[in-house]
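A look at the structure
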Amino acid sequence: MAKKPKTGLTTKHWFGYMFGDWGGCMTFALMGSLFTMYCTNALGVDPTLLGTLVIIWTIWDAINDPLIGALIDADRRKYRLGKFKSYILLGAIGLTFAGALSFLPVPTADTWLKAVLFILGYVFWDAFYTVANVPYGSMLSLVSNNEGEKAQLST
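Read on for an overview of the structure.

Cut-offs applied
- Residues numbered from 1 in each chain as written.
- Predicted model: local features only at pLDDT ≥ 70, side-chain atom pairs only at ≥ 80, totals over all residues.
- Heavy atoms only, no water.
- Helix = DSSP H or I, 4+ residues; strand = E, 2+ residues; numbered from the N terminus.
- Rg over C-alpha atoms; globule rule 2.2 N^0.38 Å.
- Buried < 20%, exposed > 50% of the residue type's maximum accessible area, 1.4 Å probe, protein only.
- Contact = heavy atoms within 4.5 Å.
- Areas by Shrake-Rupley, 256 points an atom, 1.4 Å probe, with all protein chains shown as cover.
- Lys, Arg positive; Asp, Glu negative; His and termini not counted.
- Charge placed at Lys NZ, Arg CZ, Asp CG, Glu CD.
- Polar contact = N/O pair within 3.5 Å; in protein donor to acceptor, adjacent residues only side chain to side chain.
- Salt bridge = Lys/Arg side-chain N within 4 Å of Asp/Glu carboxyl O.
- Axes fitted to C-alpha atoms, helices over the stretch in contact; angles between N-to-C directions.
- Parallel < 35°, antiparallel > 145°, perpendicular 65-115°, else oblique.
- Left-handed = near helix turned anticlockwise from the far one by under 90°.
- Nonpolar A, V, L, I, M, F, W, Y, C, P; charged D, E, K, R; others polar.
- Core = buried A, V, L, I, M, F, W, Y, C linked by side-chain atoms within 4.5 Å.
- Expected span 1.5 Å × (residues − 1).

1. Some details on the overall build of the protein chain
On a plain count of helices and strands, the protein chain comes out with five helices and zero strands. Each helix (α) and strand (β) of the protein chain, taken in turn from the N terminus, gives the series α-α-α-α-α. On C-alpha atoms alone, the protein chain measures out to a radius of gyration of 19 Å, which is more than a quarter above the 15 Å that the 2.2 N^0.38 rule sets for 155 residues. Projected onto the principal axes, the alpha-carbon positions of the protein chain cover approximately 70 × 35 × 25 Å. In the protein chain, which comprises 155 residues, the share counted as buried stands at 32%. Put simply, of all contacts in the protein chain between residues at least 6 apart along the chain, 73% involve residues at least 24 apart. About 10,000 Å² of surface is accessible on the protein chain, with carbon and sulfur atoms providing 69% of the total. Both charge centroids of the protein chain, one from 12 positive and one from 10 negative side chains, sit 17 Å from each other.

2. A look at the side chain of Asn64
By the secondary structure assignment, Asn64 is in helix H2 (residues 47–74). Side chain to side chain, Asn64 and Asp65 meet in a polar contact 3.4 Å long. Here Asn64 is in contact with Asp126, Ala127 and Thr130, once residues within four sequence places are set aside.

3. Quick notes on the side chain of Asp126
Here Asp126 shows up in helix H4 (residues 111–139). We note that Asp126 is buried and unpaired, the nearest opposite charge coming from Arg77 at a distance of 20 Å. What Asp126 contacts, discounting residues up to four positions off in sequence, is Trp60, Asp61, Asn64 and Asp65.

4. Thoughts on the pattern of salt bridges
When their charged atoms lie close together, side chains carrying opposite charge are able to pair. The tally for this structure, following the rule as stated, stands at one salt bridge. A salt bridge links Asp75 to Arg77, with the nearest nitrogen and oxygen atoms 3.1 Å apart. Relative accessible area serves as the criterion here: at 7%, Asp75 is assigned to the buried category. Given the relative accessible area of 57%, Arg77 is considered exposed.

5. Overview of the packing of helix H3 (residues 83–102) against H4
Angle between the axes and distance between the axes: these two values describe a pair of packed helices. Relative to each other, H3 and H4 sit at 160 degrees, their axes nearing to 8 Å. By the criterion of interaxial angle, the relationship of H3 to H4 is roughly antiparallel. You can see that H3 and H4 cross each other, and the crossing is left-handed. Along the lines of polarity and charge, the residues of the contact of H3 with H4 split into 20 nonpolar, six polar and no charged.

6. Quick word on the nonpolar core
With 17 residues, the main nonpolar core has Phe35, Cys39, Phe118, Tyr122 and Trp125 as its most contacted residues. Top contributing element to this core by residue count: H4, with six residues. Other than its neighbours up to four places away in sequence, Cys39 contacts Gly44, Val45, Leu50 and Phe118. Judged by nonpolar contacts, the second largest core, of seven residues, contains Tyr17, Phe84, Tyr136 and Met139.

7. Here's the deal with H2
Look at H2: 40 Å from first C-alpha to last across 28 residues, which is about the 40 Å you get at 1.5 Å a residue. Those residues of H2 that sit buried are Leu50, Leu53, Trp57, Asn64, Ile68, Gly69 and Ile72. Turning to H2, the residues buried within the fold contact helix H1 (11–42), H3 and H4.

Structural data, given as structure tokens:
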């Protein structure tokens, strides 16, 4: 029986990558499932206005993802933590503040202010989510030279 070749990734690496992606998925699930309910039920945003705002944020997302990916890819500066880790950290800090902005309790505010806060909160959250998530996914190509390990980590 042939011996399985030793890989460069330890169990610590596997769990570290898994929990990093799990954290990103949890914030995405929070915004995807609870944010619109919060806006309609807690803030009293009209569902028609909310639907319009969802269309705007979807268009923004289509612009935001490739734009931020191209900006990160074109960045040639040297970072103490490395480019990907630095962007992941920036994205995580931004997600914290944008997430808080998204859930500001302003049920008695005017409709226009709720709409502005909704758009700003989501646009900033989505931008920072992309700033954290694009380099996180790109790191996969750097963690191992073994294509099998990369495929297993991505699943």
